[in-house]
Amino acid sequence: MSNAVKIHSFPLSGHAQRVELFANIAGIAHQVINVDLAGGEHKKAPFLALNPAGQVPVLEDGDTVISDSNAILVYLARKYAPNYLPTDAVLEAQVQKFLSLAAGEIAFGPCNARLVTVFNATLDADFAIATAHNVLKKLDAHLEDRAFLVGESPSIADIAIYTYTAHAPEGNVSLAEYPNVRRFLANVEALDGFKPMATTKAGLVA
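Residues numbered from 1 in each chain as written. Predicted model: local features only at pLDDT ≥ 70, side-chain atom pairs only at ≥ 80, totals over all residues. Heavy atoms only, no water.

Enquirer: I'd love a proper account of the overall build of the protein, names of residues and values included.
Expert: For the protein, the helix and strand inventory stands at eight helices and four strands. Its helices and strands taken in sequence order, the protein reads β-α-β-α-β-β-α-α-α-α-α-α from the N to the C terminus. Taken against the 2.2 N^0.38 rule, which gives 17 Å for 206 residues, the C-alpha radius of gyration of the protein at 16 Å falls within 12% of a compact globule. Referenced to the eigenvectors of the C-alpha coordinate spread, the extents of the protein come out at roughly 45 × 40 × 25 Å. Each of the 206 residues in the protein was classed as buried or not, and the buried ones make up 48%. Put simply, of all contacts in the protein between residues at least 6 apart along the chain, 68% involve residues at least 24 apart. When the accessible surface of the protein is summed, it comes to about 9600 Å², and 53% of that surface belongs to carbon and sulfur atoms. Taken together, the 15 basic and 21 acidic charged side chains of the protein have centroids lying 2 Å from each other. (Helix = DSSP H or I, 4+ residues; strand = E, 2+ residues; numbered from the N terminus. Rg over C-alpha atoms; globule rule 2.2 N^0.38 Å. Buried < 20%, exposed > 50% of the residue type's maximum accessible area, 1.4 Å probe, protein only. Contact = heavy atoms within 4.5 Å. Areas by Shrake-Rupley, 256 points an atom, 1.4 Å probe, with all protein chains shown as cover. Lys, Arg positive; Asp, Glu negative; His and termini not counted. Charge placed at Lys NZ, Arg CZ, Asp CG, Glu CD.)

Enquirer: Before we move on, can you summarise the layout of surface pockets with the specific residues and values?
Expert: If you add up the space inside the largest pocket, you get close to 470 Å³. In terms of lining residues, the largest pocket is bounded by 21 residues, among which Ser13, His15, Gln55, Val56 and Tyr164 are the most central. Here the element with the most residues in the lining of the largest pocket is helix H5 (residues 105-119); it accounts for four residues. (1 Å grid on protein atoms, 1.4 Å probe; cavity = no way out; pocket = protein on both sides within 12 Å on 5 of 7 lines; lining within 4 Å. Points joined across faces, edges and corners; volume = space filled by probe spheres on them.)

Enquirer: Which residues make up the pairing of strand S3 (residues 58-61), and what are the values?
Expert: Of the two faces of S3, the one carrying Val58 and Glu60 and the one carrying Leu59 and Asp61 are both buried. Here strand S1 (residues 5-9) runs beside S3; their pairing, made up of three bridges, is antiparallel. Across the sheet, the residue bridging to isoleucine 7 is leucine 59, located in S3. Linking S3 to strand S4 (residues 64-67), which pair antiparallel, is a turn of two residues; within it glycine 62 sits at a positive phi near 65°. (Pairing = 2+ DSSP bridges.)

Enquirer: Tell me what's going on with the sheet that holds strand S2 (residues 30-34), and back it up with residues and numbers.
Expert: Two modes of strand pairing occur in sheets, parallel and antiparallel, and in both the strands are linked by backbone hydrogen bonds. Read from one edge to the other, the open sheet built from four strands follows the order S2-S1-S3-S4, with strand pairing classed as mixed. Both edges of this open sheet fall to S2 and S4, since each of them pairs with a single strand only. Across the sheet, the mean angle separating the axes of adjacent strands is 20° when strand polarity is ignored. Alignment of S1 against S2, held across five bridges, turns out to be parallel. (Axes fitted to C-alpha atoms, helices over the stretch in contact; angles between N-to-C directions.)

Enquirer: Describe the pairing of S1, listing the residues and the values that go with them.
Expert: Burial of S1 is extensive: four of the five residues sit out of reach of the surface. Once the chain exits S1 it traverses helix H1 (residues 14-26) before rejoining the sheet at S2, and the crossover so formed is right-handed. (Right-handed = clockwise from strand over helix to strand, strands pointing away.)

Enquirer: With reference to specific residues and values, describe the nonpolar core.
Expert: Nonpolar side chains tend to gather and get buried jointly when the protein is soluble and globular. In this structure, Phe22, Leu76, Phe98, Leu139, Leu149, Ile156 and Ile161 are the most contacted members of the largest nonpolar core, which totals 51 residues. At the level of secondary structure, the elements contributing two or more residues to this core comprise S1, H1, helix H3 (69-80), helix H4 (89-103), H5, helix H6 (125-142), helix H7 (156-166) and helix H8 (179-189). Ranked by residues supplied to this core, first place goes to H7 with seven residues. In this structure phenylalanine 98 touches Leu139, His142, Leu149, Val150, Ala157 and Ile161, once residues within four positions along its chain are discounted. Counting six residues, the second-largest nonpolar core is a separate cluster that includes Phe10, Ala16, Val35 and Val58. (Core = buried A, V, L, I, M, F, W, Y, C linked by side-chain atoms within 4.5 Å.)

Enquirer: Please provide a residue-by-residue account of the side chain of threonine 165, values included.
Expert: On the secondary structure map, threonine 165 appears in helix H7. For threonine 165, a relative accessible area of 1% corresponds to the buried category. Residues within four places of threonine 165 in sequence aside, it is in contact with Ile106, Leu136, Leu139, Leu175, Val181 and Leu185.

Dropping the structure here:
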């Protein structure tokens with residue numbers, strides 16, 4: 001796998017999993033290097049040389065090093081899987097909108113709610129759960145009569161939104177009221193190469 005990109009990851013990180021998921025679905029040759037977050041490996045050299053922020057995921061592609069999961073998705077799509085990032089101006093703008101949503105309400109909602117239950121993070125669980133339901137209502141309305149978030153085929157927008165939405169119940173966020181979201185998750189899970197993130201026994205899944 002000398003030509004494979006390297007993904008510095010962590011098995012329970014949704015941000016890292018979205019990168020692994022895309023590499024699998026898009027058929028991009030890759031090597032996963034799990035970082036020992038519990039042991040503090042991400043806050044020490046040599047990892048800090050890759051990402052001074054001390055966070056996963058980090059992508060190495062030869063001499064190119066990229067951090068931030070959404071930035072990595074854009075890079076991988078542009079270089080290796082262009083079908084997942086449309087060049088049409090309107091569609092590309094819509095993809096970027098969902099990448100912003102993943103970094104915004106998804107991160108502050110289902111992601112943070114899960115951080116509380118899975119990692120005992122000192123965050124406002126009630127605010128995170130409320131934020132999660134707010135964004136899930138928006139997604140459910142958008143997905144009415146849609147298989148994917150943008151256009152007629154999967155894109156990196158779907159990958160960016162998928163993981164923390166699928167694992168929202170671990171943060172005490174039920175998906176029961178969002179049939180279109182659940183159908184969307186099933187559509188992503190049906191893609192060739194789909195690889196799930198391990199489910200933790202937390203929240204509604206405990």
